[in-house]
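Listed here are the chains, written in short residue letters.
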Amino acid sequence: MLSQIHRWLPLKSRTSIPRRAYTCLCILGVPRSGSNLLRGLLNDHPDILVHNEVFCAIAPVRETSLLWEKRPRVPYQKGHIAPYLEEHVFPKDPEGKKVIGFKLFPSHIDYLERGEREWEAIRGIPDLRVLLLRRENYLDIALSAELANRSMQWISTGQSPPEPAPMVLPINVLLWYFHTMEKHYRTLEERTRGLDVLPVTYRDLAGQTQETMSNVQRWLGVDPLLLKPDPPMFKQRMVPRSTVILNYEELRQRVQREHPEWLRFFLEEDLSAVPV
């Protein structure tokens, strides 16, 4: 009876989408945390389709990028979240897919005046599964973001990228990243409470890729396969942070004096050759 009532409701008045015959998936994380690698690996599976950042306001600018092609061509308009999800993200006909999903960062929703309606609709997707991706080191996130902004290259594909040019990272910029990442991860923890969530860390995704992806595939209910992103992705940086950040020691000392709780970000570094 409830499903019949749902079908009678005008599309724009709905706050959730109908239950689908396939698994609905959302990859939640922050920029520069390995989400492109995770999405690229999942899309290598014949039973899985993961759209890109469907709520990103600047996504149309990047439509020509190789990995932006799996994305609804109709931009989202604020206030019509349920019909958008139903028509363009989670269609009735899965075209043979067993899992369909999309990628989301808190910043995509923040610009929508906190996006309460959007979060409500996303949380209301029947049987939604959430891959919660976390990169523990905020300093690496900050450096990765600054390198990407300077080079205008968000994904390294085709061949190993050149060694990044040294730069000065202002302390106020670094602290902004630290505060913002803490805020975003708090938001993700709050918004996913009570949902079916599988945590995935950047360290595991980049360092134990196949083991991590086998666990993800089993959790999604598809046959585990050996997955490779197409095209191959490479680490943005294969040299120590201290050779890229000219004022690295100054930053470390400032953080040690003023924000000792974040000093841990300077103590560990992973330069494994696994593509990300």
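Note that the structure is a prediction, hence the values are computed from the model and not measured.

**Student:** It is not clear to me how the packing of aromatic side chains should be interpreted in this structure. Could you clarify?
**Tutor:** The description of an aromatic ring pair uses the distance of the two centres, along with the angle that the planes make with each other. Tallied over the full model, the rule gives ten aromatic pairs. Plain terms: the ring middles of Phe90 and Phe102 are 6.0 Å apart, the flat faces sit at 65° to each other, and that makes the pair edge-to-face. Taken together, the residues span a long stretch of sequence, with Phe90 in the loop between helix H3 (81–89) and strand E3 (99–104) and Phe102 in strand E3 at a distance of twelve residues. Each member of the pair, Phe90 as well as Phe102, is classed as buried. Taken together, the aromatic side chains of Tyr138, Phe178, Tyr185, Trp262 and Phe265 make up a single cluster linked through ring pairs. One residue, Arg134, lies across the ring of Tyr185, its end atom 4.1 Å from the ring centre.

**Student:** What exactly am I supposed to notice about the nonpolar core here?
**Tutor:** A general tendency of soluble globular proteins is for nonpolar side chains to be buried together. One finds Phe55, Leu85, Phe90, Phe102, Leu104, Leu174 and Phe178 to be the most contacted residues of the largest nonpolar core, which totals 52 residues. Of all the secondary-structure elements, those providing two or more residues to this core are strand E1 (23–28), H3, E3, helix H5 (116–123), strand E4 (129–134), helix H6 (138–151), helix H7 (171–191) and helix H11 (248–258). With eight residues, H7 is the single largest residue contributor to this core. Ignoring sequence-local partners within four residues, the contact set of Phe102 consists of Leu25, Cys26, Ile27, Val50, His51, Asn52, Val54, Phe55, Leu85, Val89, Phe90 and Ile122. Counting residues in hydrophobic clusters, the runner-up holds 21 residues, among them Ile27, Leu42, Leu131 and Leu133.

Criteria and cut-off values
- Here, residues in each chain are numbered from 1, in the same order as that chain's written sequence.
- pLDDT decides what is reported in this predicted model: residues at 70 or higher carry local features, side-chain atom pairs at 80 or more are listed and counted, and totals for whole chains, interfaces and linings draw on all residues regardless.
- Hydrogens and waters are ignored; side-chain quantities use all the structure's heavy atoms.
- Note on ring pairs: Phe, Tyr and Trp rings are taken, using the six-membered ring of Trp, and paired if centres are within 6.5 Å. Classes follow the plane angle, with under 30 degrees stacked, over 60 edge-to-face and the rest tilted.
- Per the convention used, a helix needs a DSSP run of H or I reaching at least four residues, while a strand needs a run of E reaching at least two, with both numbered from the N terminus.
- When a residue's accessible area, from a 1.4 Å probe over protein chains only, is under 20% of the maximum for its type it is buried; when over 50% it is exposed; and in between it is partly exposed.
- A ring is scored as having a charge over it whenever the NZ atom of a lysine or the CZ atom of an arginine sits within 6 Å of its centre and within 35 degrees of its normal.
- Definition used in this section: a nonpolar core is a set of buried Ala, Val, Leu, Ile, Met, Phe, Trp, Tyr and Cys residues joined via side-chain atoms within 4.5 Å.
- Throughout, a residue-residue contact means that at least one pair of heavy atoms, one from each residue, lies within 4.5 Å.

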